[in-house]
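A look at the structure
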Amino acid sequence: MYSFSLLSWPIALAGILLVLAIDRILAYYRGLALVSYLPGERYFFSPVSIPGAILPTSKWNPGNLWMWSGRGRVYKRKGGSEIESCLGWLGGMPLLYNNSPEVAKQVLGNKSVWDKPQIIIDSLAPFGPNVFATNQADWPRHRRIVAPGFGGGLYPAVWNETVNTYYDCLATEKWESEDSFIMPNVVAITSKFALYLIAKSGFGIDLSWNESIGEKINGMTMPECFEVTSSSVVLLSMLPRWMFFLPLKALRRLRDARKALDLILRGIIDKRRAEGVVSTEDQRSKNIFSLLLKANDGEKGSKAALSDQELVSNVFLLLLAGHETTSRALAGTLGLLACHPTEQQKAYEEVMSVLKKGNDPTFDDFERLPFIQGCFSEGLRLFPSSPAMIRAPLSDTVLSIPSTNGEPLAIPVKADQLIWIDWIGVGRNPRVYAAPDSFMPSRWLDPTTEPLLNFSYGPRVCIGKRFALTESVGILCLLLRDHQIEPILKIGQTLQEWRTEWETNVDSNIGFGPKPFPLKMTRRQLA
Ligand code: HEM
């Protein structure tokens, strides 16, 4: 009889590897059963795993651009439908993903069955729970306090700030007197614009384009702290605290930025408290934060009130959600307008028909600019700055999937099974949007067009949708009134070739969209 010690090491190692391989094969088949044996993408690791998420997108790894790089391939397989599955041979949680607005509505509209999985909640809470990073049980408390900040009085103020920030930007960048200039990094400009606007309209922090927000703490200004924390928000949320004390410069900088931002945000809360609750006539009362604080003070002493730490977390989240998404979608829209001059001309003509003698637009003009609204919706459909949402059912359920041959498909989904709502796929679903890859702002003038779902749907619909639309329509209107926007083409390059190349240069952190790119702006001559 053999004892273990008589086995040679190579044989023991081979045995262990065999056991691991069998275990992995069984886990893979269990995963396949969980996703109803649906066809789909296969990688070494699924997107919901550390290596799957952090290694770059390639044939073998999903990374954070797998849905973008697979957009011409997925949902087209034989036997495939508007729902498919993604599995990792070596690990990661199995996923269902879909490109059907009907499925998105079933998942997002049904609050009782579907919820945010803990892994998603944990990844966006570097300062603790907030209105985004909470599950069904705790979410209503946060939403109730945050919602009054987004009342109707906010939007005329957002519009006015948009106009002021536009002029501030042109003057500071020394573009106002130029007949033509190159905007070298459109993404940086839209990002700065959206951050400054949420800071001003959201938190009453008055800035000029050149000014830093507040004084320096830990050697960093607020925009710097914000830039550092928001670009690494998932790391900040997920890494254990002790790791930030390791002698690694990048992690220490992250820790310092987080600490400084915490101090700055607490300072804003204390300052506003010291000023007292302002009257509704006061300009300051029109910003999100004053109204949020007022709603919270109204709940003082009850369980419904948010703690100061929860207020800090919500302020951070509003700054983050309020600028990354809008700025990326705006950059996408400007790039698309640049390479579609006919659509840009239509947009310009609408602007000039609404603005008398080229005056500055007023908030009342928003409704009179449906084509400009369509340009932004089209930019968001083609570049969904919030590209996906993940949900899981609390108990076993069934999804009804539309199919091209009429009969919907019933797919059973087990409790805790993750589903990835793919906004890139929904936006480019040919059953839903004709000529889905084309930039056609006029499709949004047709009331039969499937409404844009990129701001989500149901009870947890984006609270900042009107904020984003107001600032985006305002800035597009001003830019188009004053400038003809063009891409910088290489010699012999066509507009279509420029668009194809530009669309391959995308990235995704908190927001998804084109990487930095330049545009040429030529001042229009008023007739
Ligand atoms: C183009 C711009 C924007 C897009 C595409 C967008 C998209 C979304 C989406 C898809 C969600 C749902 C996420 C989920 O439930 O997993 C969401 C939620 C949210 N958004 Fe936006 N958003 C935009 C702008 C804004 C702005 C400007 C603000 C704030 C000023 C904002 C604040 C929020 C908040 C607080 C939530 C969480 C709502 C809740 O769970 O109750 N968003 N957004």
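Quantities reported herein were computed from a predicted structural model and do not represent experimental measurements.

1. Remarks on the overall build of the protein
Tallying secondary structure elements over the protein gives 18 helices and 13 strands in all. Relative to the globule expectation of 24 Å for 527 residues, the C-alpha radius of gyration of the protein, 25 Å, shows essentially globular dimensions. Along the first, second and third principal axes, the C-alpha atoms of the protein reach 95 × 60 × 45 Å. Within the protein, buried positions represent 41% of all 527 residues. For the protein, restricting intrachain contacts to residue pairs at least 6 apart in sequence, the fraction spanning at least 24 positions comes to 75%.

2. Here's the deal with the nonpolar core
Ranked by size, the top nonpolar core spans 91 residues in total, and within it Val315, Phe316, Ile372 and Leu476 carry the most contacts. Top contributing element to this core by residue count: helix 13 (residues 308-338), with 16 residues. Those residues in contact with leucine 476, other than ones at most four positions away along the chain, are Thr333, Ile372, Cys375 and Phe376. Formed by 29 residues, the second largest nonpolar core is a distinct cluster that contains Met67, Leu96, Val413 and Trp423.

3. Details of the packing of helix 14 (residues 341-354) against helix 15 (residues 370-382)
Two numbers describe how helix 14 lies on helix 15: the axes approach to 8 Å, and their chain directions differ by 140°. Residues Lys346, Ala347, Glu350 and Val351 of helix 14 pack against Phe371, Ile372 and Cys375 of helix 15.

4. Re the site of the ligand
Contacts to the ligand come from 24 residues, most closely from Ala321, Gly322, Thr325, Cys462 and Gly464. Counting residues per element, the ones that place at least two in the shell around the ligand are helix 13 and helix 17 (465-482). Looking at which element gives the most residues to the shell around the ligand, the answer is helix 13, with seven residues. Its residues assigned to classes, the shell around the ligand shows 14 nonpolar, eight polar and two charged.

5. Focus on the packing of helix 13 against helix 17
One can describe the packing of helix 13 onto helix 17 by two numbers: an axis separation of 10 Å at closest approach and a directional angle of 35°. Judged by the sense of rotation from one axis to the other, the crossing of helix 13 with helix 17 is right-handed. The residues of helix 17 that touch helix 13, namely those facing Gly322, Thr325, Thr326, Leu330 and Thr333, are Phe467, Ala468, Glu471, Ser472, Ile475 and Leu476. The residue makeup of the contact of helix 13 with helix 17, split by class, is five nonpolar, five polar and one charged.

6. Things to note about the sheet that holds strand 10 (residues 483-486)
The sheet built from three strands is open, its strands ordered 5-13-10 with antiparallel pairing. The two strands at the open ends of the sheet, each matched to only one other strand, are strand 5 (180-183) and strand 10. Pairs of neighbouring strands in the sheet enclose a mean axial angle of 25°, with direction left out of account. Relative to strand 13 (residues 519-523), strand 10 runs antiparallel, the two being bridged by four bridges. Of the residues in strand 13, the one forming a bridge with glutamate 486 is lysine 520.

7. Structural notes on the sheet that holds strand 4 (residues 114-115)
Within the open sheet, the six strands sit side by side as 1-2-3-9-6-4. Their pairing is mixed. Edge positions in the sheet fall to strand 1 (40-45) and strand 4, since each of these pairs with one other strand and no more. In the sheet, strand 2 (residues 83-91) pairs with strand 3 (residues 95-98) via four bridges, with the strands oriented antiparallel. The residue of strand 3 that forms the bridge with cysteine 86 is leucine 95. Against the sheet, helix 4 (residues 101-109) makes contact with strand 2, strand 3, strand 4, strand 6 (388-393) and strand 9 (418-422), and its axis sits at roughly 130° relative to strand 9, the strand it touches most.

8. As for unusual backbone geometry
Residues other than glycine seldom take positive phi values, yet tyrosine 37 does so here, at roughly 55°. Structurally, the position occupied by tyrosine 37 is in the loop between helix 1 (9-34) and strand 1. Overall, tyrosine 37 belongs to the exposed group, with 10 C-beta atoms counted inside 10 Å. With a phi close to 75°, aspartate 416 is a non-glycine residue in the positive phi region. Within the secondary structure, aspartate 416 is located in the loop between strand 8 (409-413) and strand 9. For aspartate 416, a count of 15 C-beta atoms within 10 Å corresponds to the partly exposed category.

9. Regarding helix 15
An ideal rise of 1.5 Å per residue puts 18 Å on 13 residues; helix 15 measures up with 18 Å between its terminal C-alpha atoms. Among the 13 residues that make up helix 15, 11 are buried, leaving the element largely enclosed by the rest of the structure. Listing the buried residues of helix 15 in full gives Phe371, Ile372, Gly374, Cys375, Phe376, Ser377, Glu378, Gly379, Leu380, Arg381 and Leu382.

10. Some thoughts on the UniProt feature "binding site: heme" (unreviewed entry) in the protein
Under the feature "binding site: heme" (unreviewed entry), the UniProt entry names Cys462. Mapped onto the fold, cysteine 462 is located in the loop between helix 16 (423-427) and helix 17. Note on cysteine 462: 17 C-beta atoms within 10 Å, which makes it partly exposed.

11. Some thoughts on the confidence of the model for the protein
In the predicted model, the protein carries a mean pLDDT of 89, and 94% of its residues have values of at least 70. Taken element by element, the protein is modelled with least confidence in helix 10 (residues 233-238), mean pLDDT 78, and with most confidence in helix 15, mean pLDDT 98.

12. Section: the environment of histidine 483
Note on placement: histidine 483 falls in strand 10. The exposure class of histidine 483 is buried, given the 21 C-beta atoms found within 10 Å. Once residues lying within four places of it in the same chain are set aside, the contact partners of histidine 483 are Met521, Thr522, Arg523 and Arg524.

13. Some details on the pairing of strand 2
Where strand 1 meets strand 2, five bridges bridge the pair, whose relative direction is parallel. What sits directly across from glutamate 41, in strand 2, is cysteine 86. Between strand 2 and strand 3, which pair antiparallel and follow one another directly, the connecting turn spans three residues, one of which, glycine 92, has a positive phi of 95°.

14. Side note on helix 13
The first and last C-alpha atoms of helix 13 sit 45 Å apart over 31 residues, in line with the 45 Å expected at 1.5 Å per residue. Counting buried residues along helix 13, 29 of its 31 residues qualify, which places the element largely inside the surrounding structure.

Rules used throughout
Residues numbered from 1 in each chain as written. Predicted model: local features only at pLDDT ≥ 70, side-chain atom pairs only at ≥ 80, totals over all residues. Helix = DSSP H or I, 4+ residues; strand = E, 2+ residues; numbered from the N terminus. Rg over C-alpha atoms; globule rule 2.2 N^0.38 Å. Buried ≥ 20, exposed ≤ 12 C-beta atoms within 10 Å, placed from the backbone. Contact = placed C-beta atoms within 7 Å. Core = buried A, V, L, I, M, F, W, Y, C linked by C-beta atoms within 7 Å. Axes fitted to C-alpha atoms, helices over the stretch in contact; angles between N-to-C directions. Near = placed C-beta within 6 Å. Nonpolar A, V, L, I, M, F, W, Y, C, P; charged D, E, K, R; others polar. Left-handed = near helix turned anticlockwise from the far one by under 90°. Pairing = 2+ DSSP bridges. Expected span 1.5 Å × (residues − 1). UniProt positions renumbered as here; feature names shortened; annotations may be inferred. pLDDT = per-residue confidence, 0-100.

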